[in-house]
Amino acid sequence: MATERALHRVQLEKLARRGTASVVGAGASAVFGVLLVVVVTNGFSATVAGTLFAATATFLILESVALLGTDTGLVKVLPTQLASDRAVDARRTLAVAAVPVVALAASGGLALHLLAPTLAPVLSSPEAPSTMTDMLQALALLLPVAALHDLALAATRGLGSMRPTVLVDNVGRLGLQAASVLVAWAAGAGPVVLALAWGLPYAVGLVVTAAWLHRLLPPATGRGPGRASGARTWSVLVHEFWSYTGPRAVARVTQTALKRSDIVLVAALASPADAALYTGATRFVVLGQLFVQSVQQALSPQLSRLFARGEDRAAGSIFQAATMWSVLTAWPIYLVTAAWAPVLMGIFGEGYDVAADVVVILSLTMLVATACGPVDSVLLMAGHSWLSLANSTVTLVINVGLNLLLIPTHGIRGAAVAWAVGIVVRNLLPLLQVRRHLSMWPLSTTTWQVAGAALACFGAAGLLAYVLDLAVLAELTLTATGLVAYGAAVWMRRDVLGLDVFVRAARRRHAGGPTPDS
């Protein structure tokens, strides 16, 4: 029993070590993401801002098509190969993944450039087709670059390092995007320069990530962990990689479409100005979601290794820990954004507070999603990619159907309801499947206690402020009191919450001492 507890703590420390860096990156990503939207909404007209958001959403959907699910495939396959002393195969798997992506991304970029004049009237209102055309054609040139950028980052995560994702993507690319757009605004740039200001940081990120990936790759020959002299044939590697990744090609598209298609549909069915309102409102949902995704990024390679070794109990243990830590950090964010929605929307400019209802709907929905934990990551790393594909497809059909039904009559609130339903379905389906196929469950007694504390400290304060219609200063006092109470409760229960493993992981990193290996 003592040995099992010790192994559990080792796995938690591994997750904490990777997760700490990922959470730092998520924080930077959240700040730069909101800053980017603030610059665009305050510096450009609502029509130009909404057109940019719709164009970049279209670009990201197409990029997910070109990526063919290789980001998830590499995170799953590379750790398994290295755990089996197959360094040669790991190197060759990168080529197996990259060649189809480059070919499809180049073809897709060319098609987007040529078809932009035809697509623009469909994706924007009658007053903005030329602006949409210019932006789509500019972004089309960068489609292969963005796809390779994300593929290379996924490979570094598969090889055991979160640093490139944190430093190059979360901090570097997103920070450079915000700065470039700010420069474009200051220079009075037009739509083409604005779109390029958003897209060119992918090229910078690709150069840095490629160099970092080269350093992380283990030697193809030699002795020691992860090194082997033998290698599988190319046909075997293709089958190994694409038999798992193939379903992810479709699932990745459906997941990205679920997150981005509503912006495109709002611009097409309502107006680019409404798309700007909706994008601003969803930034606060992404704010909390980034912390959850950062935990998932750190968790996935570790789950892959554990499942490959048959250590299902250890996988279930860190699944519950990841869920608890996600609730610990994300629930306060969502409860505060719901309570302060009108004030927060004001940072995007005059008139944006009318979208406060969207913030409330989506923030409360994300409480449910966070409590389900990283269920899709567990499903994927256990090898059930077909189930994930089915879940994504069902969710996308429901989401798009509701968007088409609700946006014409209810505008951005209809889009928010459609996305909320999609979020719930997208999480409940894998939750039931993980329970059935893997006998795992994300919620522990400790997670319920953390959720209760968040509701008592932040939910109650927001509800009281709403019912009593308190002034901003009084509501701020209530929120600050809740924050102090929540922080005190977390501190007193830090050992039970497993937060001491973060301290140990940080001390190991600072001291340069050995860390638990993967």
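Right, let's walk through the structure included here. (Residues numbered from 1 in each chain as written. Predicted model: local features only at pLDDT ≥ 70, side-chain atom pairs only at ≥ 80, totals over all residues. Heavy atoms only, no water.)

### So, empty space enclosed by the protein
Counted according to the given criterion, the structure contains three cavities of 30 Å³ or more. In this structure, the second largest cavity encloses a volume near 50 Å³. Around the second largest cavity, the lining residues are Leu335, Val336, Ala339, Trp340, Phe458, Ala461, Gly462 and Thr479. Class assignment for the residues of the lining of the second largest cavity results in six nonpolar, two polar and no charged. (1 Å grid on protein atoms, 1.4 Å probe; cavity = no way out; pocket = protein on both sides within 12 Å on 5 of 7 lines; lining within 4 Å. Points joined across faces, edges and corners; volume = space filled by probe spheres on them. Nonpolar A, V, L, I, M, F, W, Y, C, P; charged D, E, K, R; others polar.)

### Concerning the nonpolar core
The tendency in soluble globular proteins is for nonpolar side chains to be buried side by side. Counting 86 residues, the largest nonpolar core has Phe59, Tyr278, Met345 and Tyr486 as the members making the most contacts within it. Look past the residues within four positions of tyrosine 486 in its chain and what remains in contact with it is Val327, Leu328, Pro332, Val450, Ala453, Ala454, Cys457 and Phe458. Counting residues in each nonpolar core, the second largest holds 25 residues, with Ala66, Ala105, Leu159 and Trp242 among its members. (Core = buried A, V, L, I, M, F, W, Y, C linked by side-chain atoms within 4.5 Å. Buried < 20%, exposed > 50% of the residue type's maximum accessible area, 1.4 Å probe, protein only. Contact = heavy atoms within 4.5 Å.)

### Quick notes on unusual backbone geometry
Within the chain, leucine 68 stands out as a residue other than glycine whose phi angle is a positive 55°. Topologically, leucine 68 is positioned in the loop between α2 (46-67) and α3 (70-83). Although it is not a glycine, serine 439 sits at a positive phi angle of roughly 55°. Residue placement: serine 439 occurs in the loop between α16 (385-438) and α17 (445-468). (Helix = DSSP H or I, 4+ residues; strand = E, 2+ residues; numbered from the N terminus.)

### Focus: the packing of aromatic side chains
Within this structure, the stated rule accounts for seven aromatic pairs. For the pair phenylalanine 59 and tyrosine 202, a centre-to-centre distance of 6.3 Å together with 50° between the ring planes defines the contact as tilted. Taken together, the residues span a long stretch of sequence, with phenylalanine 59 in helix α2 and tyrosine 202 in helix α9 (residues 201-216) at a distance of 143 residues. The same class applies to phenylalanine 59 as to tyrosine 202, namely buried. An aromatic cluster of three or more residues is present, and its members are Phe59, Trp198 and Tyr202. One Lys or Arg, arginine 92, reaches over the ring of tryptophan 234 and ends 4.2 Å from the middle of that ring. Over the ring of tryptophan 491 we find arginine 494; its NZ or CZ atom is 3.9 Å from the centre of that ring. (Phe/Tyr/Trp six-rings, centres within 6.5 Å; stacked < 30°, edge-to-face > 60°. Lys NZ or Arg CZ within 6 Å of the ring centre and 35° of its normal.)

### A few points about the environment of leucine 115
Secondary-structure assignment places leucine 115 in helix α4 (residues 87-123). The spatial distance from the C-alpha of leucine 115 to the C-alpha of leucine 136 is 9.2 Å, given a sequence separation of 21 residues.

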